[in-house]
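The residues making up each chain are set out below.
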Amino acid sequence: MPELPEVETVRRGLQPAMEGAVVQRLEQHRPDLRFPFPQDFATRIEGRRIVALRRRAKYLLIGFDDGSVLISHLGMSGSYFVDHAGSAATPGRFHHDRSKDKKHDHVVFHLDGPRGGSRVIYNDPRRFGFMLLTGEGELAAHPLIRDLGVEPTGNALHAGYLAERFAGKRSPLKAALLDQRIVAGLGNIYVCEALWQARLSPRRTAGSLVTRSGRPVARLEDLVQAVRTVIAAAIEAGGSSLRDHRQADGTLGYFQHTFNTYDQEGMPCRRDGCGGKIRRIVQSGRSTYYCPVCQR
Ligand code: ZN
């Protein structure tokens, strides 16, 4: 399952081939992925120029010159392959090799861009990904988008905002951070890493970081800083990449080797002088990794 840093890496990898390019032809090899493809998909986007390639949470938003927007989600195993100006790459760093089996190539965008022609191929063996068409005007109210919380990379994420959302919450901090209505696009790996960074226990209640008068305690400021830091480092490293995910030039990302907690059960805590061991617990059906000694 790609997390936000992988999706952002994919976006950056696709941008040079896609932005400003005209869709000459769209090949579609099956009627659906997780959901049916848009009706008259090819007819609706052939001849259109791509004006912007954005990201919201884990959705890629491909904007066209007629105001339509293609929402693309990679699901569990989706990836894009870019064949552009003589070089071929799959943006995003993923753990396993991208499926090279052409039978999983479901959509091919034939593009003519400012920097030459290219093919952008969407491959997805497990087909949990999807593509939907909407309009720029409808995007904010779209059912997939409207309830999303703030981006973990933007200025909208600050301690005051989290204090407002966490006030009185008795749910574990881990669960509150995974709630997409509060922070969008933050997944299991980076929540574990950010909590370790901020020395906060995933088991404490979210409300414990808010004063009675609704103000953030200092440790909530630390948490915001930790979230920003781990996400920025993962994007810098080209996405983290576990399991189903994979990537660009075929090389493995190095960020995965630098996880402090995630998948490190039984390993010594990497914090200087801590001496604890990383423990795995299950919260809301998902593995949480943390150090019970230094995370309080
Ligand atoms: Zn520790």
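In the block above lies the structure referred to throughout.
Residues numbered from 1 in each chain as written. Predicted model: local features only at pLDDT ≥ 70, side-chain atom pairs only at ≥ 80, totals over all residues. Heavy atoms only, no water.

Asks: Looking at this model, I keep getting lost on the coordination of the zinc ion. Mind explaining?
Replies: Put simply, a metal with four donors set out as a tetrahedron has ideal angles of 109.5 degrees, and one with six donors set out as an octahedron has ideal angles of 90 or 180 degrees. Within the protein, the atoms that donate to the zinc ion are Cys269 (SG), Cys274 (SG), Cys291 (SG) and Cys294 (SG), at distances of 2.2 to 2.3 Å. Of note is the zinc ion, whose four donor atoms meet at the metal with angles of 102 to 116° in an arrangement that counts as tetrahedral. Donor residues for the zinc ion sit on one chain with the sequence pattern C-x4-C-x16-C-x2-C. Of the two residues, cysteine 269 and cysteine 274, neither departs from the other in class, the shared state being buried. (Donors = N, O, S within 2.8 Å, 3.2 Å for Na, K, Ca; no water. Tetrahedral: all angles 85-135°; square planar, octahedral: opposite > 155°, others 65-115°. Buried < 20%, exposed > 50% of the residue type's maximum accessible area, 1.4 Å probe, protein only.)

Asks: Sorry if this is basic, but what is going on with the sheet that holds strand 2 (residues 50–56) here?
Replies: For sheets, the rule is that strands pair by backbone hydrogen bonds, running either parallel or antiparallel. What the four strands build is an open sheet, ordered 2-3-4-9; its pairing is antiparallel. Edge strands, defined here as strands with exactly one partner in the open sheet, are strand 2 and strand 9 (130–135). The sheet shows a mean angle of 20° between the axes of neighbouring strands, taken without regard to direction. Two elements, strand 2 and strand 3 (residues 59–64), share six bridges in a ladder whose sense is antiparallel. (Pairing = 2+ DSSP bridges. Helix = DSSP H or I, 4+ residues; strand = E, 2+ residues; numbered from the N terminus. Axes fitted to C-alpha atoms, helices over the stretch in contact; angles between N-to-C directions.)

Asks: Quick question: what am I supposed to make of the environment of arginine 279 here?
Replies: When you line up the elements, arginine 279 lands in strand 10 (residues 279–283). As for arginine 279 and tyrosine 290, which are separated by 11 residues in sequence, their C-alpha atoms are 5.5 Å apart. Discounting chain neighbours no more than four positions away, the residues touching arginine 279 are Arg203, Thr288, Tyr289, Tyr290 and Pro292. (Contact = heavy atoms within 4.5 Å.)

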